[in-house]
Amino acid sequence: MDKLETMQVFVEVAERESFVEASKKLGLSAPAVTRSIARLEQSLGTRLFNRTTRHVRLTDAGRHYLCDVKGILESVEQAEAFVSGSYAKPIGELSITAPILFGQKYIIPLITEYLDLYPEVTANAEFYDRIVNMVEDNLDVAFRIGHLQDSGLYATRVGSIRRVICASPTYFSEHGTPQTPSDLTKHKIIQPTSVETSNHWKFAGEKAEVVKINPHLRCNHNCAAIQAATGGAGITRLLSYQVAKDVSNGVLQLALEDYEPEPLPVHIVYMEGRRASAKVRSFVDFAAERLRDNPFIGD
């Protein structure tokens, strides 16, 4: 094998933590993969993996080498793609990440529509309610809600969302509608812990205040909190896009709108800027246009 092929073998073993699984992915025999790694370690003069009968783990030197090697292979891939024309034509796999409910409600429809327009592109969608490292996870595009930290990434703002207080009309008719944030202490509260990690809820308005709530129910999934609220179990605070359709259909009703905190921006984040491949550029432009036209997201 040449040096680049050996690097590819190394990356597969490192990411799969298995010589056997790497061999299956690469279409090589397990002994060939083992020999390739052995020659690489010998040429470098250092051990890249700690091996046991059950586990294959990177050494400290291996972790540093992995970061450098992935950068080298990515540069080679970009150079080949540029020459072959994929930087001019959308082609290849597009890896996308977004918050779970945002991805389910708004990004999956965008992806499927985009793939119909560009049949030579495939997509891999990974949804998490946490910030993922785009470089380490090899992601092309991320949808981020909230203020961005300084980084080397490029960002396109597409709208904003609000933190909203809501409950079912039935709940409000039976228990009354809160008129000020402090009124929440008298109500049954559903706390979606992925949106509101603390039981001290901050509010804005003419008199900014922090209210300590005592949750009647805690949910680590937003869909569960929505289901409980629509069923009349209490008042919750979620992101506006998460309950937009339920509010427009009258299933949920908003309260304390004058006390809502500052809206959170929504961005599309990507890495390469003007050097981005055609698949990334075209998808970012496509998604930005669609989201800005979305009444539940666009500014």
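From a predicted model like this one, the values you see are computed outputs, not experimental measurements. (Residues numbered from 1 in each chain as written. Predicted model: local features only at pLDDT ≥ 70, side-chain atom pairs only at ≥ 80, totals over all residues. Heavy atoms only, no water.)

1. So, the sheet that holds strand 11 (residues 217–219)
Then, in step 1: Read across the sheet, five strands follow the order 11-8-12-7-13 without closing on themselves; strand pairing throughout is mixed. Strands with a single pairing partner mark the edges of an open sheet, and in this sheet they are strand 11 and strand 13 (253–255). Across the sheet, the axes of successive neighbouring strands diverge by a mean angle of 35°, strand direction being ignored.
Then, in step 2: Helix 7 (residues 222–230) contacts strand 7 (163–167), strand 8 (189–192), strand 11 and strand 12 (235–239) of the sheet and is inclined by roughly 165° relative to strand 8.
Then, in step 3: Strands strand 7, strand 12 and strand 13 of the sheet are contacted by helix 8 (residues 240–248), whose axis makes an angle of about 115° with strand 12. (Pairing = 2+ DSSP bridges. Helix = DSSP H or I, 4+ residues; strand = E, 2+ residues; numbered from the N terminus. Axes fitted to C-alpha atoms, helices over the stretch in contact; angles between N-to-C directions. Contact = heavy atoms within 4.5 Å.)

2. Concerning the packing of helix 1 (residues 3–16) against helix 2 (residues 19–26)
Then, in step 1: Two elements in contact, helix 1 and helix 2, have axes separated by 8 Å at closest approach and are oriented at 130°. By the angle class used here, helix 1 and helix 2 are oblique. The handedness of the crossing between helix 1 and helix 2 comes out as right-handed. In this structure, helix 1 uses V9, E12, V13 and R16 to contact helix 2, whose residues at the interface are F19, E21, A22, K25 and L26.
Then, in step 2: Considering only residue class, the contact of helix 1 with helix 2 consists of five nonpolar, no polar and four charged. (Parallel < 35°, antiparallel > 145°, perpendicular 65-115°, else oblique. Left-handed = near helix turned anticlockwise from the far one by under 90°. Nonpolar A, V, L, I, M, F, W, Y, C, P; charged D, E, K, R; others polar.)

3. A short note on helix 8
Then, in step 1: Taken together, the buried positions of helix 8 are occupied by S240, Y241, Q242, V243 and A244.
Then, in step 2: Two residues or fewer past helix 8, G250 is found with a positive phi of approximately 85°. (Buried < 20%, exposed > 50% of the residue type's maximum accessible area, 1.4 Å probe, protein only.)

4. As for the pattern of salt bridges
Then, in step 1: The final tally for this structure, using the stated rule, is twelve salt bridges.
Then, in step 2: Across the pair E17 and R57 runs a salt bridge whose closest N-O atoms are separated by 3.1 Å. Residue E17 is found in the loop between helix 1 and helix 2, and its partner R57 is found in strand 2 (residues 56–58); the two are separated by 40 residues along the sequence.
Then, in step 3: A salt bridge links R51 to E41, with the shortest nitrogen-to-oxygen separation between them at 3.0 Å. With a gap of ten residues between them, R51 in strand 1 (residues 49–51) and E41 in helix 3 (residues 30–44) connect regions that are remote in the sequence.
Then, in step 4: Look at R51 and you get partly exposed, because its relative accessible area is 33%. (Salt bridge = Lys/Arg side-chain N within 4 Å of Asp/Glu carboxyl O.)

5. Observations concerning the nonpolar core
Then, in step 1: Core analysis: the biggest nonpolar cluster contains 45 residues, and F102, I107, V141, F143 and F283 have the highest contact counts within it.
Then, in step 2: Contact partners of F102, with chain neighbours within four places excluded, come to I107, F143, I145, Y241, V266 and I297.
Then, in step 3: Counting residues in each nonpolar core, the second largest holds 19 residues, with V13, Y65, L66 and V69 among its members. (Core = buried A, V, L, I, M, F, W, Y, C linked by side-chain atoms within 4.5 Å.)

6. A closer look at helix 2
Then, in step 1: Taken as a whole, helix 2 has its buried residues at F19, A22 and S23. Along the axis of helix 2, the buried positions cluster into a sector of 100°, meaning they face one direction only. In helix 2, the exposed positions angled more than 90 degrees off the buried face are occupied by K24 and K25.
Then, in step 2: Its buried side turned inward, helix 2 meets helix 1, helix 3, strand 1 and strand 2.
Then, in step 3: A positive phi of about 75° marks G27, the residue just after helix 2. (Arc of directions from axis to C-beta.)

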